[in-house]
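Geometric and topological summary
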Amino acid sequence: MIDRLRTEDHPVLTGLVALVSVGLVVGLVLGGVALGATRFLGIGEDPSTETVSDDVDFYLPKPSPTDGPSGPLITLAPSEKEQAGQEQPSQPQETETEEAREDEITLSAGQTSVGVMENIDLTGVYPGGEGSVLQVQKFSGGGWQDFPVTAVVSNETFSTFVQTSFQGVNRFRVVDNDSGLASNEIKVTVG
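Described in the following lines is the structure provided in the data block. Model, not experiment: these values are computed from the prediction. (Residues numbered from 1 in each chain as written. Predicted model: local features only at pLDDT ≥ 70, side-chain atom pairs only at ≥ 80, totals over all residues. Heavy atoms only, no water.)

Before going further, it helps to spend a moment on the overall build of the chain. Within the chain one finds four helices and nine strands. When the 191 residues of the chain are sorted by exposure, 18% land in the buried category. Across the chain, every contact between residues at least 6 apart in sequence was considered, and the portion connecting residues at least 24 apart equals 54%. Per element, the accessible surface of the chain, about 15,200 Å² overall, is 56% carbon and sulfur. (Helix = DSSP H or I, 4+ residues; strand = E, 2+ residues; numbered from the N terminus. Buried < 20%, exposed > 50% of the residue type's maximum accessible area, 1.4 Å probe, protein only. Contact = heavy atoms within 4.5 Å. Areas by Shrake-Rupley, 256 points an atom, 1.4 Å probe, with all protein chains shown as cover.)

Here is the structure:
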């Protein structure tokens, strides 16, 4: 009966002891879970205790020059004659027109008509012109004038865009200033 009187006289103390006890039990459980998770995941382990051997040798060969590709880098779709079953010569014969095409810059526009100051996308192909900087030109005043836009050839292709406020038909081309080679012209209506 004396113990009963003591706990009834101090309910705050009893609540505090119960709260501390519950906090201690929850803390121990969470600490055990955290310890198990870190061991399972390997967090905080000393790298010197790993089983990997320290005397692993890596061999890196010295670089040596290689030969370039000997054949074409792209595969073309079969021609109509091949699809029809007709024989093709085993060695393709280059004609003068094919040789001339290798040195051509081909330009095309993504749009045929745009509004004032809208983008005109210019794309093209320049075989053998890798790394060349092409100057965009606009036909104005009876001759070709440099437009303040350039395009760099990468993987034998290039792309850029221009904007103009000149309404009507605008004519554009690109020029490789190093070789003097110019592309075909394209026409875009603005307005």
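Scanning the entire structure with this criterion turns up one salt bridge. Linking Arg 171 and Glu 185 is a salt bridge whose minimum nitrogen-to-oxygen distance equals 3.0 Å. Here Glu 185 lies in the loop between strand 8 (181-182) and strand 9 (186-190) and Arg 171 lies in strand 7 (residues 168-176), a separation of 14 residues in the sequence. Among the residues examined, Glu 185 registers a relative accessible area of 32% and is labelled partly exposed. (Salt bridge = Lys/Arg side-chain N within 4 Å of Asp/Glu carboxyl O.)

With burial as the criterion, only one face of strand 9 is covered, namely that bearing Ile 186, Val 188 and Val 190; the residues Lys 187 and Thr 189 on the opposite face remain uncovered. In this sheet, strand 9 lies alongside strand 2 (residues 113-114) in parallel orientation, the contact comprising two bridges. When the sheet's bridge partners are listed, Ser 113 is paired in strand 9 with Thr 189. Sheet analysis places strand 7 next to strand 9, joined by five bridges and oriented antiparallel. The partner of Arg 171 across the bridge, within strand 9, is Lys 187. (Pairing = 2+ DSSP bridges.)

Further remarks concern the sheet that holds strand 3 (residues 120-125). Here we have three strands laid out as an open sheet, ordered 1-3-6, and antiparallel in their pairing. Of all strands in the sheet, those with a lone pairing partner are strand 1 (106-109) and strand 6 (157-162), marking the two edges. Put simply, the sheet's adjacent strands are angled 20° from each other on average, direction ignored. Sheet topology places strand 3 next to strand 6; six bridges connect them, and they run antiparallel. Its bridge partner lying in strand 6, Gly 124 is registered against Phe 158. (Axes fitted to C-alpha atoms, helices over the stretch in contact; angles between N-to-C directions.)

Bringing the nonpolar core into the picture now. Of all hydrophobic cores here, the largest spans 19 residues; its most connected members are Ile 120, Val 136, Phe 158 and Val 162. Breaking this core down by element, the ones donating at least two residues are strand 3, strand 4 (133-140), strand 5 (143-152), strand 6, strand 7 and strand 9. In this structure Ile 120 touches Gln 111, Val 114, Thr 160, Phe 161, Val 162, Thr 164, Phe 172, Val 188 and Val 190, once residues within four positions along its chain are discounted. (Core = buried A, V, L, I, M, F, W, Y, C linked by side-chain atoms within 4.5 Å.)

Relative to the 45 Å expected for 31 residues at 1.5 Å per residue, helix 2 (residues 11-41) spans 45 Å between its end C-alpha atoms, a close match to the ideal helical length. Once helix 2 finishes, Gly 42 follows within two positions and takes phi at roughly 80°, a positive value. (Expected span 1.5 Å × (residues − 1).)

Before going further, it helps to spend a moment on the side chain of Ser 183. You can see Ser 183 is positioned in the loop between strand 8 and strand 9. Exposure remark for Ser 183: the relative accessible area of 10% places this residue in the buried category. If we skip the residues at most four places from it in the chain, Ser 183 touches Ile 105, Leu 107, Arg 173 and Val 174.

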